[in-house]
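# A structural walkthrough
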Amino acid sequence: MKRQGKLLIIGFGPGALEHITGRALAALDESEAVIGYTTYVDLIRPLLRHQEIVGTGMTEEVSRAQEAVRRAEEGQSIAVISSGDAGVYGMAGLVYEVLIERGWSRSEGVQVEVIPGISAIQSCSSLLGAPIMHDSCTISLSDHLTPWESIAARVEAAGAADFVIAFYNPRSGRRTRQIEEARTILLRYRDPATPVGIVKSAYRDRQQTVVTTLQEMLEHEIGMLSTVVVGNSATVVYEDLMITPRGYERKYNLGSQAQTLKPHERLRTAAEPWSLAAAESGQAEGAAGAGAAQAVDAGREAAVAGREAAVSGREAESVRMEEAAAQSLAAAPQVERLRSLSGRLKASTDSSFELEIAPATGSRSFNGDQMKLLAELAGSDGQLVYTKDGYFLLRGSRSEGAESGARLLEAGLNVSTPGDYVKVKTCGFCEPAQKRGVKCCCPAPHPAAWNGCAQRAAHQCSRLRDGLQAPLCWMISDW
């Protein structure tokens, strides 16, 4: 009976022998022949003892896969090697494609085992700090096998979705423009000061690591041995390391042992107003309570009708809002802010109000009391929506707008109606960095984002920055 052959498709990691897994070492040892790209064979040659070595050059991937399948069908145990992980732009998929062409059966054909390794996105990120702590993707910029329009569409989608991106195969002797085009696409969605890490030959001889920005990345060496990691809107640089916050600061106080939310409270929907469950709950409650909200509004209007009968409607509204402000706030600056907010709410003709609520300027965190207040004000009739930019939208009956604004301002929150102010967004490390006296990496506002309002935006942002005396990441929005 003919001996059953076996294909061992091995990812041996970045190249340093200590980063090869135990199973990969055992698979190499049990193989009769090792087939791979000559450069990769040389990296693991110290581990090879008895194996026949079949090394070929670039663009010979198909012939390597075919030879490996042929030998396995003859009964040999064959190791097919890739750097990194064999299933990430490696040989695993190609070997399976060749097997499929030959009518391979998983139950009766040669055995196939894919042995995982450390891919470049992981090895390079370990050298850069912790840039892929949040959602990330890999994109190969090689258009030898994939149409460029498909690659560009993926870069566009990843940029719009704020993914951390690891670019594989960013540039070669013949392919020089692809990384430039990718950068141009990303600049439509990201600040030029977005952190970028460039790693060449990770964990090999002549390793090089550079931390730069999206604006300046092309000033550094980028080649076929490089992996380029582009941060997202929250990624920061600290001590020349790239760090992408996971989002813990939304719930936890990272500088204190005492936490506002107890362990049993932390996974509740009320503690995660940005979650899908909270959004669905808010929509359901809003639909169910629409009729009740109208009845409550009618009752409130009847209760104040006697006091407001002696004055015109606009004067009565002004009196009522100013009284709410006087009762809720003692500080003069807060009163002035509430009067301004009340005026904008009064000018609206909508039957409901909508407020944008952000943490104290220079912070990204809401404390437990503020979260409870937001939930209370939304109640069962209103809506509380968490946005991707880190602030809440509170929607409710117009008659409650001024009072809600007063309580929110008193709680130390920034409150405005949509479109009133330039939006200033801090990165996840600005606040803790400020507390430690550390200079943050956050840039000044990018003029290209001001849509013709550069002088006005510069003046406003300068006043904000000078008043705060804190490093900020800036996101210019509508006026």
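For the structure itself, consult the block above.
Let us now look at helix 7 (residues 178–186). Within helix 7 the residues assigned to the buried category are Gln-178, Ile-179, Ala-182, Arg-183, Ile-185 and Leu-186. One side of helix 7 carries all its buried residues, which in axial view fall inside an arc of 160°. Buried residues along helix 7 sit against helix 6 (148–160), strand 8 (164–168) and strand 11 (226–230).

Right, let's talk about the packing of aromatic side chains for a bit. This model, assessed by the stated rule, comprises 8 aromatic pairs. Pairing Phe-12 with Tyr-40 gives two aromatic rings, centres 6.0 Å apart and planes at 75°, and the pair type is edge-to-face. Taken as a pair, Phe-12 in the loop between strand 1 (6–11) and helix 1 (22–30) and Tyr-40 in helix 2 (residues 38–44) lie far apart in primary sequence, 28 residues in all. Looking at Phe-12, the relative accessible area reads 1%, which means it is buried. A centroid spacing of 4.9 Å and a plane angle of 55° characterise the contact between Tyr-89 and Tyr-168, whose relative ring orientation is tilted. Placement of Tyr-89 in the loop between strand 4 (77–82) and helix 4 (92–101) and of Tyr-168 in strand 8 is noted, with a sequence separation of 79 residues between them. Using a relative accessible area of 45% as the deciding quantity, one classes Tyr-89 as partly exposed. Note on Tyr-168: relative accessible area 9%, which makes it buried. Every member of this aromatic cluster is reached through a ring pair, and the members are Trp-274, Phe-366, Tyr-386 and Phe-392.

This part takes up empty space enclosed by the protein. Scanning the model with the defined rule gives 2 cavities of 30 Å³ or more in all. Considered as a void within the structure, the second largest cavity measures approximately 30 Å³ in volume. Per-class residue counts for the lining of the second largest cavity are 5 nonpolar, no polar and 2 charged.

All right, on to the side chain of Ser-77 then. Looking at where Ser-77 falls in the secondary structure, it is placed in strand 4. Contacts of Ser-77, omitting those with residues within four sequence positions, involve Lys-6, Glu-30, Ser-31, Glu-32 and Ala-33.

Rules of the game
Residues numbered from 1 in each chain as written. Predicted model: local features only at pLDDT ≥ 70, side-chain atom pairs only at ≥ 80, totals over all residues. Heavy atoms only, no water. Buried < 20%, exposed > 50% of the residue type's maximum accessible area, 1.4 Å probe, protein only. Helix = DSSP H or I, 4+ residues; strand = E, 2+ residues; numbered from the N terminus. Arc of directions from axis to C-beta. Contact = heavy atoms within 4.5 Å. Phe/Tyr/Trp six-rings, centres within 6.5 Å; stacked < 30°, edge-to-face > 60°. 1 Å grid on protein atoms, 1.4 Å probe; cavity = no way out; pocket = protein on both sides within 12 Å on 5 of 7 lines; lining within 4 Å. Points joined across faces, edges and corners; volume = space filled by probe spheres on them. Nonpolar A, V, L, I, M, F, W, Y, C, P; charged D, E, K, R; others polar.

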